[in-house]
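Here are the chains, one letter per residue:
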Amino acid sequence: MFIPPLKIQVRFSDLDILGHVNNVIYLSYFEMARIHYFTALVGPNWDWLKEGVVLVKNDVEYHIPILLHDEPTIFLFVKEIGNKSFSLTYQIMINDKQYTTGGSTLVCFNSTIQKAIAIPPIMREGLSKLKQDEY
């Protein structure tokens, strides 16, 4: 399954006093990428309250600063799939050069009963396909 990467526009409000994207903004970029990929995997009508996810860990490595007029593209990959949790990795690329990498661990969660749940079959199937793909 090929899902096109997410292209984003850097906003002026993303910048810090040095003129590059503030370190905390990268987590928002990763979140936007997850939403983009999850929508493609499970559809826009997925019930995120009953079969949602909670974020339990993030990490970011900043290789090259992103500036206002850069045009970043975010790739998302599946690193590991467990019973209730899975790990993602991210690459932020500009003109075929890697600017930032990162990762997240998420746990499937039912908000109505406030409990971790097994990864739903449709989500597991989509995640498995992303793990096999190479971009």
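Notes on the structure in this doc start here. As the structure is a computational prediction, the values presented were derived from the model and not from experiment.

**Digging into the nonpolar core**
Core analysis: the biggest nonpolar cluster contains 33 residues, and Val21, Tyr29, Ile66, Phe86, Met123 and Leu127 have the highest contact counts within it. For this core, the secondary structure elements donating two or more residues are helix H1 (25-42), strand S3 (73-81), strand S4 (85-94), strand S5 (97-110) and helix H2 (121-132). By residue number, the principal contributor to this core is H1, which donates nine residues. When residues no more than four places from it in sequence are discounted, the contact partners of methionine 123 are Val42, Trp46, Trp48, Glu51, Val53, Phe86 and Cys108.

**Observations concerning the packing of aromatic side chains**
Scanning the model with the defined rule gives six aromatic pairs in all. Pairing phenylalanine 38 with tryptophan 48 gives two aromatic rings, centres 5.5 Å apart and planes at 55 degrees, and the pair type is tilted. Taken together, the residues phenylalanine 38 in helix H1 and tryptophan 48 in the loop between H1 and strand S2 (52-62) connect sequence positions ten residues apart. Three or more aromatic residues link up through ring pairs in this structure, and these residues are Phe38, Trp46, Trp48 and Phe86.

**Some points on the pairing of S4**
Across the ten residues of S4, seven count as buried, placing the element largely inside the fold. Direction of pairing for S3 relative to S4: antiparallel, over a ladder of eight bridges. Each residue of the ladder has a partner; that of isoleucine 81, found in S4, is phenylalanine 86. Where S3 folds back on S4, the antiparallel hairpin that results is connected by three residues. Pairing of S4 with S5, which is carried by ten bridges, proceeds in the antiparallel orientation. Across the sheet, the residue bridging to serine 85 is valine 107, located in S5. If you look at the hairpin formed by S4 and S5, you'll find two residues sitting between the two strands, and asparagine 95 has a positive phi there, around 50 degrees.

Cut-offs applied
Residues numbered from 1 in each chain as written. Predicted model: local features only at pLDDT ≥ 70, side-chain atom pairs only at ≥ 80, totals over all residues. Heavy atoms only, no water. Core = buried A, V, L, I, M, F, W, Y, C linked by side-chain atoms within 4.5 Å. Buried < 20%, exposed > 50% of the residue type's maximum accessible area, 1.4 Å probe, protein only. Helix = DSSP H or I, 4+ residues; strand = E, 2+ residues; numbered from the N terminus. Contact = heavy atoms within 4.5 Å. Phe/Tyr/Trp six-rings, centres within 6.5 Å; stacked < 30°, edge-to-face > 60°. Pairing = 2+ DSSP bridges.

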